[in-house]
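This is what each chain is made of:
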Amino acid sequence: MTQIEADASPPQADRTIQSVDRALSVLEAIARQRGEVTLQQICEELGLNASTCHHILRTLMVRNYVRPGTARGRYMLGSQIVMLAEAVNVKAELPGRAKPVMDELNRVTEEAVHLAVFDRDEMITLVKREARHALKVDSGSIGKSRAMHATATGKVLLSGMSEDEVRRLCALHGMARFTINTCTDPDALLAELEQDRARGFSEDREEFQLYVVCTGAAVRDPAGRVIASLSVSTPINRATDAHLGLVRREVMAAGRKLSLTSLDMSEVSSS
């Protein structure tokens, strides 16, 4: 080995455990297929012999990290992968991951951008970006809010909850009227949330602030649950159909980008 090759080696590579490294490589190889894979495919991709690969697969199957596919000799990810994915503290690392996505959303729309989560019965704004225009809306402050029923950001979070949970929160906090357009009826709110789920975004039109239209979309965990909401606030004078169309497309795309969907969890959760 040349000195250059030696310097390029991973630090402390001699301390890794080969069998563990191979098992993780097998899981990653299956994940890259986003479905089912054969023993031969894994062997060819990783350079393993069939006997070694078969023993690794059998061990992973015993622990439910891998399960049989729909045909003989095929394999797919197992239910334990879901357990690991759900254990990731996504909220703790979300603000750091969100910043470049929010910067891009702010650049493209030129409007104020917010990231919020639901915690202990309240909506908490974690990160915001101010609009790039001289004329801008008051984008609020970082911190807690109980106006979930009146904001697109909050309605995105509510759309990920059950009807009973939405009703509980409405009763707990009340449904204060902020403007003449604020929805103060739980049944009407639930109907709107159903529509929001179908179309992929939430919106409030001067429901929290007069002369402000806000559009929000969900950030999801690997199991598809809503863990946060991204929103864009637009002053009414810029809220043309064309501009709002752009905002809706961009905020939904940003939500998908920020969501943790590196694995095809629909395949995994069916085990």
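Each value, and the rule that gives it
- Residues numbered from 1 in each chain as written.
- Predicted model: local features only at pLDDT ≥ 70, side-chain atom pairs only at ≥ 80, totals over all residues.
- Heavy atoms only, no water.
- Helix = DSSP H or I, 4+ residues; strand = E, 2+ residues; numbered from the N terminus.
- Buried < 20%, exposed > 50% of the residue type's maximum accessible area, 1.4 Å probe, protein only.
- Contact = heavy atoms within 4.5 Å.
- Core = buried A, V, L, I, M, F, W, Y, C linked by side-chain atoms within 4.5 Å.
- 1 Å grid on protein atoms, 1.4 Å probe; cavity = no way out; pocket = protein on both sides within 12 Å on 5 of 7 lines; lining within 4 Å.
- Points joined across faces, edges and corners; volume = space filled by probe spheres on them.
- Nonpolar A, V, L, I, M, F, W, Y, C, P; charged D, E, K, R; others polar.
- Pairing = 2+ DSSP bridges.
- Axes fitted to C-alpha atoms, helices over the stretch in contact; angles between N-to-C directions.

The subject of this paragraph is the overall build of the protein. Looking only at helices and strands, one finds eleven helices and nine strands in the protein. Across the 271 residues of the protein, 44% fall into the buried class. Within the protein, contacts between residues separated by at least 24 positions form 58% of all contacts whose residues are at least 6 apart in sequence.

Right, let's talk about the nonpolar core for a bit. Considering soluble globular proteins, one finds that nonpolar side chains tend to be buried as a cluster. Grouped together as the largest cluster of nonpolar side chains are 22 residues, with contacts concentrated most on L115, L230 and L258. When residues of this core are traced back to their parent elements, those giving at least two are α6 (90-109), β4 (112-119), β5 (122-129), β8 (212-220), β9 (226-235) and α10 (241-258). Core analysis: the second largest hydrophobic core is formed by 19 residues, I42, I56, Y65 and Y75 among them.

Here the second largest pocket defines a volume of roughly 260 Å³. G200, A217, A218, R220 and R256 are, among the 16 residues lining the second largest pocket, the residues nearest its centre. Where the lining of the second largest pocket is concerned, the elements lending two or more residues are α7 (152-159), α9 (186-199), β8 and α10. Counting residues per element, the lining of the second largest pocket draws most heavily on β8, which supplies four residues. Counted by class, the lining of the second largest pocket contains five nonpolar, seven polar and four charged residues.

This part takes up the sheet that holds strand β1 (residues 37-38). In space, the three strands of this open sheet follow the order β1-β3-β2, with antiparallel pairing throughout. Both outer strands of the open sheet, β1 and β2 (66-68), are each paired with one neighbouring strand and no more. Note: β2 against strand β3 (residues 74-77), three bridges, orientation antiparallel. The residue bridging P68 from the neighbouring strand is Y75, located in β3. Its contacts with the sheet place helix α2 (residues 18-33) against β1, β2 and β3, and it is angled at close to 95° to β3.

Right, let's get into unusual backbone geometry. Excluding glycine, residues mostly have negative phi values, and the peptide bonds linking residues are mostly trans. A positive phi angle, close to 65°, is found at N64, a residue other than glycine. Here N64 is to be found in the loop between α4 (50-62) and β2. N64 gets classed as partly exposed once you look at its relative accessible area, which sits at 41%. Within the chain, E110 stands out as a residue other than glycine whose phi angle is a positive 65°. Looking at where E110 falls in the secondary structure, it is placed in the loop between α6 and β4. Owing to a relative accessible area of 35%, E110 belongs among the partly exposed residues under this scheme.

Under the definition given, this model contains two cavities of 30 Å³ or more. Roughly 70 Å³ of internal volume is contained in the largest cavity. Grouping the amino acids of the lining of the largest cavity by side-chain chemistry returns five nonpolar, three polar and one charged.

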